[in-house]
Amino acid sequence: MINAKHSICNVISNKEIMPGVFLTWIEAPDIAASAKPGQFIMMQCGDDTLLRRPISIHRVDAGNLAVLYAKLGRGTQWLSKQKEQALIDILGPLGNGYSIRHDAENLLLIAGGMGIAPLMFLAESATSKGKNITLLLGAQKAEMVFPANLLPVDIKSIVTTDDGSMGIKGRTTDILLDYLDEADQIFACGPTPMYRTIYKNNLLKNKPCQISLEVRMACGMGACYGCTIKARQGLKQVCHDGPVFDFDDVIWDELVDI
Ligand SMILES: Cc1cc2nc3c(=O)[nH]c(=O)nc-3n(C[C@H](O)[C@H](O)[C@H](O)COP(=O)(O)OP(=O)(O)OC[C@H]3O[C@@H](n4cnc5c(N)ncnc54)[C@H](O)[C@@H]3O)c2cc1C
Ligand code: FES
């Protein structure tokens, strides 16, 4: 059952916060009111009415929602050019998001690159419930590290960069084991190779972990089967059953990188 709403929304602001990465706030009270961390919206980008782009809900605040995206192809280039008061056609909230256990006090969040997009919403929601958050925030280089002043103030964050230009040199997966013991629950979002490293090196040591998967999507609503993956319980549609899955439910050897 899909509870997504269709909405034509005003852009409130649209800023490039890192090279090629934009933060767009949209006035979308209906969608913001029911959105949960880990869910996404399908955005119509310009005259491409056939294929909407799936983008995670990055934050919600007083009837507004924010998306954080990398300017890549035609759709996100169009999006990056939209000014204040421009109208954007969106559908959401879609998918199944992260779920925090009531008894989990210490949460470990692992963000690889743009993976910070959905984890911000989760971090804000968790801190408002009094949970302790440690965030491992990875980027290729200093200029691509998500700005510290945009993170919730009451979380502990540890930065890694591939080239060592900020924080610890290396990847979030290199330091994951150092933070595992204190974590009651783990949440991750990043590229498939990041998950593969975790899987191949057994870095979770059986700790519960939820991850958000990024696959190609056409409809985003369970209608086209274009986003199907193999999971332990059979075939799953990432847009409808996910994008958040338990780490152990995914059959990593059969997942195709995009
Ligand atoms: C559930 C989900 C949440 C996402 N959240 C974010 C986010 O918060 N921020 C962000 O920067 N990116 C996010 N992505 C990836 C984002 O959807 C693609 O980068 C974007 O669609 C590329 O569109 P484009 O017009 O720039 O590229 P184009 O190459 O012009 O797109 C062509 C087609 O390919 C599809 N496509 C291309 N790359 C991807 C991709 N990586 N994943 C899925 N479809 C793709 C597009 O939907 C489009 O239909 C998310 C993907 C999914 C599945
Ligand atoms: S994208 Fe169409 S079923 Fe998931």
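Quantities reported herein were computed from a predicted structural model and do not represent experimental measurements.

Caption draft 1: Molecular detail of the overall build of the chain. On a plain count of helices and strands, the chain comes out with six helices and 16 strands. For the chain, whose C-alpha radius of gyration is 17 Å, the value lies close to the compact-globule estimate of 18 Å for 258 residues. If one aligns the C-alpha atoms of the chain with their principal axes, the spans along those axes are about 45 × 40 × 35 Å. Within the chain, counting contacts between residues at least 6 apart in sequence, those at least 24 apart form 62% of the total.

Caption draft 2: Representation of the sheet that holds strand S6 (residues 64-70) within the structure. Here seven strands make up an open sheet; going across it, the order is S4-S3-S7-S1-S2-S6-S5 and the pairing antiparallel. What marks the edges here is a single partner per strand, and that holds for strand S4 (48-56) and strand S5 (59-61). When the angles between neighbouring strand axes are averaged without regard to direction, this sheet yields 35°. Two strands pair when backbone bridges link them, and strand S1 (residues 5-18) and strand S2 (residues 21-27) are joined in this way by seven bridges, in the antiparallel orientation. Bridge pairing links Asn14 to Thr24 in S2.

Caption draft 3: Broad picture of the site of ligand 1. Around ligand 1 sit 23 residues in total, of which Ser56, Gly73, Gly75, Thr76 and Ala117 are the nearest. Every element with two or more residues in the shell around ligand 1 is listed here: S4, S6 and helix H2 (74-80). In terms of residues, the shell around ligand 1 owes the most to one element, S4, which gives five residues. Residues belonging to the shell around ligand 1 are distributed by class as follows: 15 nonpolar, four polar and four charged. Residue-level mapping places the shell around ligand 1 at the junction of two domains, with at least three residues from each of domain 1 (5-94) and domain 2 (106-254).

Calculation notes
- Residue positions within a chain follow its written sequence, with the count starting from 1.
- Written order decides the labels, with chains lettered from A and ligands numbered from 1.
- Local features in this predicted model are restricted to residues of pLDDT 70 or higher, and side-chain atom pairs are both shown and tallied only at a pLDDT of 80 or more, whereas totals for entire chains, interfaces and linings draw on every residue.
- A helix here means a DSSP run of H or I that spans at least four residues, while a strand means a run of E at least two residues long, and both kinds are numbered starting from the N terminus.
- Atoms counted for the radius of gyration: C-alpha only. Globule rule: 2.2 Å times residue count to the power 0.38.
- We call two residues in contact when their backbone-placed C-beta atoms lie within 7 Å.
- A strand pair is defined by DSSP finding two or more bridges across the two strands.
- Orientation is described by axes fitted as lines to C-alpha atoms, over the contacting stretch for helices, and by angles from 0 to 180 degrees between their N-to-C directions.
- Using a C-beta atom placed from the backbone for every residue, we mark a residue as near a molecule or strand if that atom lies within 6 Å of it.
- Each residue is assigned to one class: nonpolar for Ala, Val, Leu, Ile, Met, Phe, Trp, Tyr, Cys and Pro, charged for Asp, Glu, Lys and Arg, and polar for all the others, Gly among them.
- Note that domain bounds follow an automatic or database assignment of domains.

These figures capture arrangement, not role.
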